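Residue-level structural notes
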Amino acid sequence: MKTTIKEVAKNAGVSIATVSLVVNNNERISPETRRKVLRSIKNLNYTPTKSARNLASQKTGNIGFILTSDHFLRTEPFYTRIFLGCEFEAREGEYYILLTTVKSDYDSEYPLPRFVLDKSVDGIIVAGKIPDALIKKLSGSNIPLVFVDYEPQNGSYPMILIDNVSGGMQATEYLVGLGHTKIGFIAGDINHPSIKERLNGYKAALEKAGINFKQDLVICESPYPDRYNGYLTAQKLIERCNNITAIFACNDAMAIGAMQFLRDKGYKIPQDVSVVGFDDVEADLMIDPPLTTIRVPKIELGVESFRVMVQMLKQKNTVSKKILIPIELIVRKSTQSIK
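Notes on the structure follow.

Conventions and cut-offs
- Residues numbered from 1 in each chain as written.
- Predicted model: local features only at pLDDT ≥ 70, side-chain atom pairs only at ≥ 80, totals over all residues.
- Heavy atoms only, no water.
- Helix = DSSP H or I, 4+ residues; strand = E, 2+ residues; numbered from the N terminus.
- Expected span 1.5 Å × (residues − 1).
- Buried < 20%, exposed > 50% of the residue type's maximum accessible area, 1.4 Å probe, protein only.
- Arc of directions from axis to C-beta.
- Contact = heavy atoms within 4.5 Å.
- Pairing = 2+ DSSP bridges.
- Axes fitted to C-alpha atoms, helices over the stretch in contact; angles between N-to-C directions.
- Salt bridge = Lys/Arg side-chain N within 4 Å of Asp/Glu carboxyl O.
- Phe/Tyr/Trp six-rings, centres within 6.5 Å; stacked < 30°, edge-to-face > 60°.

1. Quick notes on helix H11 (residues 227-240)
In this model H11 runs 20 Å from its N-terminal to its C-terminal C-alpha over 14 residues, within 8% of the 20 Å that 1.5 Å per residue would give. For H11, the complete set of buried residues consists of Asn229, Gly230, Thr233, Ala234, Leu237 and Ile238. One side of H11 carries all its buried residues, which in axial view fall inside an arc of 165°. For H11, the exposed residues set more than 90 degrees away from the buried face come down to Tyr228 and Glu239. Among the structural elements, strand E6 (183-186), strand E7 (218-219), strand E8 (246-249) and helix H12 (252-264) are those in contact with the buried residues of H11.

2. With respect to the sheet that holds strand E9 (residues 274-276)
Pairing is parallel in the open sheet, where 4 strands are placed in the order E7-E6-E8-E9. Two strands bound the open sheet, and with one partner strand each, they are E7 and E9. As paired strands, E8 and E9 are joined by 3 bridges and run parallel to one another. Across the sheet, the residue bridging to Ile247 is Val275, located in E9. Helix H9 (residues 164-177) contacts E6, E8 and E9 of the sheet and is inclined by roughly 170° relative to E8. In the packing of H12 onto the sheet, contacts are made with E6, E8 and E9, and the angle to E9 comes to roughly 160°.

3. Concerning the pattern of salt bridges
A side chain with one charge can pair with a side chain of the opposite charge if their charged atoms come near. Evaluated as defined, the whole model comprises 9 salt bridges. Between Asp280 and Arg332 there is a salt bridge, with its nearest N and O atoms 3.0 Å apart. Here Asp280, found in the loop between E9 and strand E10 (293-295), pairs with Arg332, found in the segment after strand E12 (328-330); they are 52 residues apart in sequence, far enough to count as distant. Neither residue differs from the other here; Asp280 and Arg332 are each classed as buried. Connected via shared salt-bridge partners are Asp280, Arg295 and Arg332.

4. Some details on the packing of aromatic side chains
By the definition in use, this model includes 9 aromatic pairs. Aromatic pair Tyr106 and Tyr110: ring centres 5.6 Å apart, planes at 80°, arrangement edge-to-face. A relative accessible area of 30% places Tyr110 in the partly exposed class. Ring centres of Phe185 and Phe248 lie 5.4 Å apart, and the angle between their planes is 70°; on these two criteria the pair is classed as edge-to-face.

As structure tokens, then:
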């Protein structure tokens, strides 16, 4: 049977709190008491638990991870991978990751996540876009925050972001290099900073190539960038401009939806229309043809956000900084040059 901290304290003739202080190398303990406790730990073959280590520091040893339920349920495994990156990195250290979701229409009248109310976390990683009302309430809780794949409009926080502008430029420049000049751009909520930056990259690449930007080729009206809305948005784009030769979608989910619409209407991919996505999710390899896309290192986003959070907790200060994670163009068979 495993030895408990209570048994160590009894054997050494000290309190449980004193044992915890020794485990955490607290300088308040006298050398004599330290030796006595360490001797009991050795004799009883005691292995300190996480709770014992946290007793003296008044820390929970937990880091919260928040995203909207839409992101968790409807997005391809994008945010799941970011969460796994945090979890993988946490395994190497002294923290646990606690996941929770909130409603995408979170209102100030709603309660904060339970692990905030219970003070069960030392810091919180926020993934993707969340309502401003929630950000404001979280900021008032005085818990360190790190944002990943979202840049809040108000406040100064550490942010781990995708290099979206570069990704938008690379995708568009690749299509231009294949001879395409009539390139449509489809997206979800244009108020999401990531989508806005990808559109800016698209515009910059067209300008660089001397191609006039045409607003008719851009549709950013979908409430959510999933496959269903990709299908509907591609339909609107083709009805508006049926002479396009390429589509750049803000993410892979919309790209896959657009490809389904094109196939339903008799278009051949990539012979009639080339399609490029953004994210590089696993489903890209399962569709026909496999999707050309911008690869986002999702695991690395999670790893980096966790490292920044741990650094904040150890240094006991909040540093406002922005870390851009580089992306990569992955060419598959959904694109080809114009002959």
